[in-house]
Amino acid sequence: MTIKMSDGKVFYIKTCSVTKEEYKVEISLMQFLRVRSGKELIQNIVPTMSPSQREFIKSGTTPAEWDKLFEEP
């Protein structure tokens, strides 16, 4: 996963190993700093994001990768 900063925004970017498409999540610089501090729950920092977007920020796992990991055999 790559983290890029531009104009007060932070972008988490990764090419998904399942879909081969770029997956990207954007947060503000202030939110990024709060997430990195580890002092707050991510759902309190970015409450409008979906759980899968928050998981991507935390672990770098895209929604498609998560689905692939836990698919039924």
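Sequence order sets the numbering: in each chain, residues are counted from 1 along the sequence as written. Totals for whole chains, interfaces and linings use all residues, but because this is a predicted model, local features are given only for residues with pLDDT of at least 70 and pairs of side-chain atoms are given and counted only at 80 or more. Side-chain calculation: all heavy atoms of the structure are included, whereas hydrogens and water are not.

Looking at this model, I keep getting lost on the nonpolar core. Mind explaining?
As a rule of thumb, nonpolar side chains are buried together in soluble globular proteins. Take the buried residues of types Ala, Val, Leu, Ile, Met, Phe, Trp, Tyr and Cys, join any two whose side-chain atoms come within 4.5 Å, and each joined set is a nonpolar core. For every residue, the accessible area obtained with a 1.4 Å probe (protein chains only) is divided by the maximum for its type, and the residue is called buried under 20%, exposed over 50%, and partly exposed between those limits. Val 10, Tyr 12, Val 25, Ile 27, Phe 32, Ile 42, Ile 45, Val 46, Met 49, Phe 56 and Ile 57 form the largest nonpolar core, which has 11 residues in total. Only DSSP runs of H or I covering at least 4 residues are called helices, and only runs of E covering at least 2 are called strands; the numbering of each starts at the N terminus. Looking at this core, the elements that each hand over two or more residues are β2 (9-15), β3 (22-28), α2 (42-45) and α3 (51-59). For this analysis, residues touch if any pair of their heavy atoms sits within 4.5 Å. Filtering out sequence-adjacent residues up to four positions away, Ile 27 remains in contact with Lys 9, Val 10, Tyr 12, Phe 32, Val 46, Met 49 and Ile 57.

So what exactly am I meant to see when it comes to the pattern of salt bridges here?
Pairs can form between side chains of opposite charge whenever their charged atoms are close. Put simply, a salt bridge is a Lys or Arg side-chain nitrogen that is within 4 Å of an Asp or Glu carboxyl oxygen. On inspection of all chains with the given rule, the structure shows 4 salt bridges. For Arg 34, the salt bridge is made with Glu 40, and the minimal N-O distance between the two is 2.6 Å. With a relative accessible area of 34%, Glu 40 lands in the partly exposed category.

Hey, could you run me through unusual backbone geometry in this one?
Glycine aside, residues mostly have negative phi angles, and peptide bonds mostly take the trans form. Although it is not a glycine, Asp 7 adopts a positive phi angle of roughly 50°. With respect to the element layout, Asp 7 can be found in the loop between β1 (2-6) and β2.

Help me understand the side chain of Thr 62, please; the structure alone is not making it clear to me.
If you trace the backbone, Thr 62 turns up in the loop between α3 and α4 (63-69). Judged by its relative accessible area of 1%, Thr 62 is buried.

Can you walk me through the pairing of β2 in this structure?
It is a general feature of regular strands that their side chains alternate between the two faces of the sheet. In terms of strand pairing, β1 meets β2 through 5 bridges, oriented antiparallel. If you follow Ile 3 over to β2, its bridge partner there is Tyr 12. Between any two strands, pairing holds if DSSP finds at least two bridges. The turn linking β1 back onto β2 is made up of 2 residues, and Asp 7 within it adopts a positive phi angle of 50°. Between the antiparallel neighbours β2 and β3 lie 6 residues, among them Lys 20 with a positive phi of about 65°.

Help me out: how do you make sense of the sheet that holds β1 in this one?
Two pairing modes exist for strands in a sheet, parallel and antiparallel, and in both the strands are linked by backbone hydrogen bonds. With antiparallel pairing, the 3 strands of this open sheet are ordered in space as β1-β2-β3. The open sheet has two free edges, formed respectively by β1 and β3, since each of these has just one partner strand. Neighbour to neighbour, the strand axes of the sheet diverge by 25° on average, direction disregarded. The pairing of β2 with β3 spans 7 bridges and is classified as antiparallel. In the sheet register, Phe 11 faces β3, and the bridge partner there is Glu 26. Each axis is a line fitted through C-alpha atoms, taken for helices only over the stretch in contact, and angles between the N-to-C directions span 0 to 180 degrees. Contacts from helix α1 (residues 29-37) reach β1, β2 and β3, with the element oriented near 95° to β3. Each of β2 and β3 touches α3; the most contacted strand, β3, lies at about 90° to it.

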